[in-house]
Amino acid sequence: AVKQPSDFIRTRIQTDLLNGKNNGRLHTRFPPEPNGYLHLGHAKSICLNFGVANEFNGLCNLRLDDTNPTKEEVEYVDSIRNDVKWLGFSWDDREFFASDYFEFFYEQAVRLIKMDKAYVDSLSADEIRAYRGTLKEPGKNSPYRNRSIEENLDLFKRMRNGEFEDGTHVLRAKIDMSSPNVVMRDPTLYRIRKVAHHRTGDKWCIYPMYDFAHCLSDSHEGVTHSLCTLEFENNRELYDWVLENLELFRSQQIEFARLNITRTVLSKRKLIQLVQEKHVNGWDDPRMPTLSGLRRRGCTPEALRNFCSRIGVSRADNMVEYSMLEFCMREHLNAIAPRLMAVLDPIKVVIENYPEGQVEWFDMPLDPEDESKGKRKVPFGRTLFIERDDFKEEAPKKYHRLSVGKEVRLRYAYYIVCQSVVKNEQGDIVELRCTYDPATKGGWSEDGRKVKGTLHWVEAENAVKAEVRLYDYLFKVDNPSAEDDFLTCINQDSLKKIEAYIEPALNQREIGDIVQFERLGYFRKDEDSTQNKSVFNRTVGLKESW
Ligand code: ATP
Ligand code: MG
Ligand code: MG
C-alpha cells in the first residue's frame, strides 16, 4: 500500500512510480561530506531520503561524499554513521564512498574529451572567473577552448600523472559561455590538488568538482531521485547535461528548501568555528544543533523524527522556531521519562513533630500514569529540602505553595504546615519550621480536606549532591547568520552549572537515562558523571518559557 502523498516530493515519487518510471524503482541517497558532524539540517535530509525509501519500498544509500581531499577526516565518517543509526535508519551494505568512484569519474571525463565536450584550460583561476562573465553579461571563450582532442587527452593524462602544479590547468566542460545560466559557462570538472586524500592517499592529484562527481555518483548507484537543497537549483541543468551527454542512467535532481531554525546556526563552517574557537565544549556540546549535541542534551530520535515530519518539506524558504523542536522533545519525553525528585535551589525544612533520627522509606511510582514503569524507594525524614521559590513569606491570595500557616502536600509523603521561619543576620530565610500530619501518609487525607499545592522535595540526610547544567540558547538573536559576524551575538550565559540535591534513586540512574525532575523539566544523565558525582543536563523545561 502506497502512503498518501503529503508533500511535493512524495507526490512526484508516487507519480513516477505509477508511471513505471525507472521500472517502478525508488532509490535515494543521503550524501554527507565527511567534513563535520551532522546537524539538524541533515536530520531533515536523512528523514526525507530514508523516510521516502521506507514508505515507498525503495532503497536509500549512505554515501560519504568525500571528493574534496583537504577537509575530510575519519572521525567525521564514524560520527556520521553513528548519528544516522541513532536517528533510526539503516542502510545495510549500501554504504559508499564517492572516492571509490575516482577511476569511474576519470573515465567519464576522458569520454567527454573524446566527444569534444571537455577541454583542458590553462587560464589561471582569476582569469577563468573574469572570462565567465556575470548574470547580465555573457562570458568569453578561453583561448585554450579549441585545443584538439588529442592534445586534451594528453594534457589530462599528464595532469593525472602529476606533471603539473596546482592551479596550472583544469578540465572544463565545453558547453556555452553565453548561457543565461552561469553554471553552464564551461564549468570546471577537474582541478589539480597535490593533497593526500584520507582514503586514496597519494594515488590521485586531480580531484573532480562537486557538480561532476555528484551526478555521476548518483547515476552510478542507480539513484532515481536525488534530493538536495534549493541552492543547487541552477546546477540541475549541468547535472542533466553530464548524464545526458554521457548517456548514463538519468538520476533526477529535485530541490527542497533547507532547514533554518531560530537561535542557532546550521552551517558546518560556522559550527566548526564554534568548536575550534572553543565557544562550546566540542561537537557534542548540548547547546550545539548537532545530532551528537542534541543526543547529549536528551533529545530522542523519536522527537527529532517527529520534528522533521512536522516541519515537512517544501520549496519555500522559511525559518522554524526552535520552540517547535522543544515542543517535540517535551511531547516524547513526557511519554517515556520516569519522574523523580530533585531540588535545584534548596531551602531547608525542619518537621518539628517528626521524630529525630527517624527515616522512613516510601515506595513511589516512577510514573503516576503508568504503573508498568515500576517504583523506587524514597526516604522521608525530619529534615528536608524544598525549592526556595516554593515558599513565600508574604503570599498573595492565589499562591498555592508554602507560606506561614499554610498547608501543602509533599509529593507522595505527607501534608505539612509551615509554622515559622528562621532568618540569618542579614534577614534571609535559612530554614522553614513546619509540622506534618501523620494521618496524611502517602500524600492524601481521609477527611478530604483541600490542599492545593503539591511540592517536590528531597530528604536531607540521604540526598545526594549533583551537578546540574542548565542551558539557554547559544545565540541572543533569532537569526545569527544575518549578522555581519555571527560570533558577536553569542549568548554568554548559555550554560549555568548549579549544585542540586537529588533523591538517592536519581543518583543511581545510568548515564544516558532521561528523567523528569518533578515539576522542573527533563534531564539527561551526562557522560561527565563519575562514581562520586552525577551530572545532569536539562534537556527542556516542562513548559514553554520563552
Ligand atoms: P553545510 O551547508 O552545513 O556545510 P552541506 O550541505 O555542505 O552543509 P553536506 O554534508 O554536503 O552538508 O550535506 C549532506 C546532505 O544534507 C545534502 O544533501 C544537503 O543538501 C543536506 N543538508 C545540509 N544542510 C541542510 C539543511 N539545513 N536543511 C536540509 N538539508 C540539508
Ligand atoms: Mg558541504
Ligand atoms: Mg553546503
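Residues numbered from 1 in each chain as written. Chains lettered and ligands numbered in written order. Predicted model: local features only at pLDDT ≥ 70, side-chain atom pairs only at ≥ 80, totals over all residues.

- As recorded in an unreviewed UniProt entry, the protein chain goes by the name Glutamine--tRNA ligase, listed as coming from Desulfovibrio litoralis DSM 11393.
- Taken from UniProt, the Subunit (unreviewed entry) comment for the protein chain reads in full: "Monomer." (UniProt positions renumbered as here; feature names shortened; annotations may be inferred.)

**Notes on the overall build of the protein chain**
Okay, so step 1: Scanning the protein chain from terminus to terminus reveals 13 helices and 25 strands.
Okay, so step 2: Its C-alpha radius of gyration of 31 Å places the protein chain more than 25% over the 24 Å reference for a compact globule of 546 residues.
Okay, so step 3: Overall, the protein chain is about 100 × 55 × 45 Å in size when its C-alpha atoms are taken along their principal axes.
Okay, so step 4: Within the protein chain, buried positions represent 39% of all 546 residues.
Okay, so step 5: Taking the contacts inside the protein chain whose residues are at least 6 apart along the sequence as the reference set, 69% of them involve residues at least 24 apart. (Helix = DSSP H or I, 4+ residues; strand = E, 2+ residues; numbered from the N terminus. Rg over C-alpha atoms; globule rule 2.2 N^0.38 Å. Buried ≥ 20, exposed ≤ 12 C-beta atoms within 10 Å, placed from the backbone. Contact = placed C-beta atoms within 7 Å.)

**Details of the sheet that holds strand S22 (residues 495-502)**
Okay, so step 1: Taken in spatial order, the 7 strands line up as S10-S23-S24-S25-S21-S22-S11 in an open sheet, and their pairing is mixed. Each of the sheet's edge strands pairs with one partner strand only, and the pair in question is strand S10 (339-340) and strand S11 (342-343).
Okay, so step 2: Here strand S21 (residues 464-471) runs beside strand S25 (residues 534-541); their pairing, made up of 4 bridges, is parallel. Each residue of the ladder has a partner; that of Glu467, found in S25, is Val535. (Pairing = 2+ DSSP bridges.)

**Considerations on the UniProt feature "short sequence motif: 'HIGH' region" (unreviewed entry) in the protein chain**
Okay, so step 1: On the UniProt side, "short sequence motif: 'HIGH' region" (unreviewed entry) is annotated at positions that read residues 32-42 here.
Okay, so step 2: Between the end C-alpha atoms of residues 32-42 there is a gap of 8 Å, over a span that is 27% helix and 0% strand.

**Some remarks on helix H12 (residues 322-336)**
Okay, so step 1: In this model H12 runs 22 Å from its N-terminal to its C-terminal C-alpha over 15 residues, within 8% of the 21 Å that 1.5 Å per residue would give.
Okay, so step 2: Those residues of H12 that fall on the buried side of the exposure criterion are Leu325, Glu326, Cys328, Met329, Arg330, His332 and Leu333.
Okay, so step 3: Buried positions along H12 lie against helix H11 (301-311), strand S23 (514-517), strand S24 (521-525) and S25. (Expected span 1.5 Å × (residues − 1).)

**Details of the site of ligand 1**
Okay, so step 1: The immediate surroundings of ligand 1 are formed by 15 residues, with Pro32, Gly41, Ser45, Arg258 and Lys268 found nearest.
Okay, so step 2: A per-element tally of the shell around ligand 1 places helix H2 (residues 40-55) first, with 4 residues.
Okay, so step 3: A class-by-class count of the residues in the shell around ligand 1 yields 5 nonpolar, 5 polar and 5 charged. (Near = placed C-beta within 6 Å. Nonpolar A, V, L, I, M, F, W, Y, C, P; charged D, E, K, R; others polar.)

**A closer look at the packing of H11 against H12**
Okay, so step 1: Orientation of H11 relative to H12, taken along the N-to-C sense of each, is 135°, at an axis distance of 8 Å. By the angle between their directions, the pair H11 and H12 is classed as oblique. As H11 runs across H12, the sense of the crossing is right-handed. Side by side, H11 and H12 meet where Glu302, Ala303, Asn306, Phe307 and Arg310 of the first sit next to Met324, Leu325, Cys328, Met329 and His332 of the second.
Okay, so step 2: Class assignment for the residues of the contact of H11 with H12 results in 6 nonpolar, 2 polar and 2 charged. (Axes fitted to C-alpha atoms, helices over the stretch in contact; angles between N-to-C directions. Parallel < 35°, antiparallel > 145°, perpendicular 65-115°, else oblique. Left-handed = near helix turned anticlockwise from the far one by under 90°.)

**A look at the domain arrangement of the protein chain**
Okay, so step 1: Taken domain by domain, the protein chain consists of domain 1 (8-256) and domain 2 (348-455).
Okay, so step 2: Of note, the centres of domain 1 and domain 2, computed from C-alpha atoms alone, are 65 Å apart. (Domains from an automatic or database assignment.)

**So, the sheet that holds strand S1 (residues 27-30)**
Okay, so step 1: Read from one edge to the other, the open sheet built from 3 strands follows the order S1-S2-S3, with strand pairing classed as parallel. For this open sheet the edge positions go to S1 and strand S3 (95-97), each flanked by a neighbour on one side alone. Taking each pair of neighbouring strands and ignoring which way they run, the sheet shows an average axis angle of 35°.
Okay, so step 2: Relative to S3, strand S2 (residues 59-64) runs parallel, the two being bridged by 3 bridges. The residue bridging Leu62 from the neighbouring strand is Glu95, located in S3.
Okay, so step 3: Strands S1 and S2 of the sheet are contacted by H2, whose axis makes an angle of about 155° with S1.

**What to know about the nonpolar core**
Okay, so step 1: By size, the foremost hydrophobic cluster in this structure holds 125 residues, and its most contacted members are Ala109, Ala342, Val343, Phe385, Ile386, Trp457 and Val458.
Okay, so step 2: Looking at this core, the element that brings in the most residues is H2, giving 8 residues.
Okay, so step 3: No fewer than three residues from each of domain 1 (8-256) and domain 2 (348-455) sit in this core.
Okay, so step 4: Beyond its immediate sequence surroundings of up to four residues, Trp457 is in contact with Met341, Val343, Leu384, Phe385, Ile386, Leu410 and Arg411. (Core = buried A, V, L, I, M, F, W, Y, C linked by C-beta atoms within 7 Å.)

**A short note on helix H7 (residues 210-220)**
Okay, so step 1: Counting buried positions over the 11 residues of H7 gives 8, a clear majority of the element.
Okay, so step 2: For H7, the full list of buried residues reads Phe212, Ala213, His214, Cys215, Leu216, Ser217, Asp218 and Ser219.
Okay, so step 3: Looking one or two places after H7, you find Gly222, whose phi comes out positive at around 70°.

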